[in-house]
Amino acid sequence: MKKLVLVKMKLEVIKMADKQKDQRQQEPQQSVLAKAMITGFTGGVLWSGLGAIAYYFNFTEVSSASFIFRSFWQTDWTGTWLAEILAVLIVGILSLGTALLYYLVLKKRNGIWPGVFFGLGLWAFVFLLLTPIFPAIPTFLELNSDTWVTTVCLFILYGVFIGYSISYEYREFNETLNSYSNEGRI
């Protein structure tokens, strides 16, 4: 009786494994790089959108539109929500490059800390090195502490989002490849 139950359980496990294989084969495989690009665009839109909301509620003195539009055009429309939405979409496009950089350099790093340091590095790059290029952005020392804290937090969250997502997809893809290559050895 026990053997019969064990055999039935093994058959059920085999059927479930076959169903999972069929599902994987039916779903189109997307490359890790393509998923990294999707993650980059999504992260750029998400976190710069939250930055625009933080700007609206005066948690920060700068927004994406401050960098992209107000630094180069001194017109009325750059202070509207249309400018903020367009700037958020442009940041999403620019974030493709950031995700590609993370993919090329840090994709094999697991955990939260590579993303935290990546976000901090991006923040330092934007607010310490690029600020002189943008005349509408006050210098680092002219920004208030609310802006520092809010933007640092947003950049850290962005870095963790990008880093964790890309590293997870890379690790998951490699584990799937390893499981397929090990199937013939069973």
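A quick note: this is a predicted structure, and the numbers were derived from the prediction, not measured.

Asker: Would you explain the overall build of the protein chain in this entry?
Answerer: For the protein chain, the helix and strand inventory stands at six helices and zero strands. Helices and strands in the protein chain line up, N terminus first, as α-α-α-α-α-α. Across the 186 residues that make up the protein chain, the buried fraction comes to 32%. Looking at the protein chain alone, contacts between residues at least 24 apart form 73% of all its contacts between residues at least 6 apart. With an accessible surface of roughly 12100 Å², the protein chain has 68% of that area assigned to carbon and sulfur atoms.

Asker: What's the story with the pattern of salt bridges in this structure? I'm lost.
Answerer: By the definition in use, this model includes two salt bridges. Among the ionic pairs, Arg70 bridges to Glu84, the shortest N-O distance being 2.7 Å. On the criterion of sequence distance, the pair formed by Arg70 in helix 3 (residues 64-70) and Glu84 in helix 4 (residues 81-106) is long-range, its members being 14 residues apart. With respect to class, Arg70 is no different from Glu84; both count as buried.

Asker: How should unusual backbone geometry be read in this particular structure?
Answerer: When glycine is set aside, most residues are seen to have a negative phi, and most peptide bonds are trans. Of note in this structure, Asn58 is not a glycine but carries a positive phi near 60°. Its location among the elements puts Asn58 in the loop between helix 2 (32-56) and helix 3.

Asker: How should the packing of aromatic side chains be read in this particular structure?
Answerer: Between two aromatic rings, the relevant description is the distance of the centres plus the angle of the planes. Within the structure shown, the criterion is met by 13 aromatic pairs. Where Tyr56 meets Phe57, the ring centres are 5.1 Å apart and the plane angle is 80°; that geometry is what we call edge-to-face. A ring pair is formed by Tyr56 and Trp81, whose centres lie 5.4 Å apart and whose planes are at 55°; its orientation type is tilted. Separated by 25 residues along the polypeptide, Tyr56 in helix 2 and Trp81 in helix 4 bring together distant segments of the chain. Residue classification places Trp81 among the partly exposed positions, given a relative accessible area of 43%. In this structure an aromatic cluster arises from ring pairing among Phe67, Phe72, Trp123, Phe127, Phe134, Phe140, Trp148 and Phe155.

Asker: Before we go on, may I ask you to explain the environment of Ile156 in this structure?
Answerer: Here Ile156 shows up in helix 6 (residues 145-182). When its relative accessible area of 22% is taken as the criterion, Ile156 is described as partly exposed. Spatially, the C-alpha atoms of Ile156 and Val116 are 5.1 Å apart, while their sequence positions differ by 40 residues. Ile156 has contacts with Gly115, Val116, Gly119 and Leu120, leaving out every residue within four places of it along the chain.

Asker: Before we go on, may I ask you to explain the side chain of Thr151 in this structure?
Answerer: For Thr151, the location among the structural elements is in helix 6. Among the residues examined, Thr151 registers a relative accessible area of 5% and is labelled buried. Within the local environment of Thr151, its side chain forms a polar contact with the backbone oxygen of Trp148, the two atoms lying 3.2 Å apart. Not counting chain neighbours up to four residues away, the residues in contact with Thr151 comprise Thr60, Val62, Trp123 and Phe127.

Asker: Where do I start with the side chain of Ser95 in this structure?
Answerer: Secondary-structure assignment places Ser95 in helix 4. For Ser95, the residues in contact, after removing those within four places along its chain, are Gly40, Phe41, Gly44, Tyr158 and Ile162.

Criteria and thresholds
- Residues numbered from 1 in each chain as written.
- Predicted model: local features only at pLDDT ≥ 70, side-chain atom pairs only at ≥ 80, totals over all residues.
- Heavy atoms only, no water.
- Helix = DSSP H or I, 4+ residues; strand = E, 2+ residues; numbered from the N terminus.
- Buried < 20%, exposed > 50% of the residue type's maximum accessible area, 1.4 Å probe, protein only.
- Contact = heavy atoms within 4.5 Å.
- Areas by Shrake-Rupley, 256 points an atom, 1.4 Å probe, with all protein chains shown as cover.
- Salt bridge = Lys/Arg side-chain N within 4 Å of Asp/Glu carboxyl O.
- Phe/Tyr/Trp six-rings, centres within 6.5 Å; stacked < 30°, edge-to-face > 60°.
- Polar contact = N/O pair within 3.5 Å; in protein donor to acceptor, adjacent residues only side chain to side chain.

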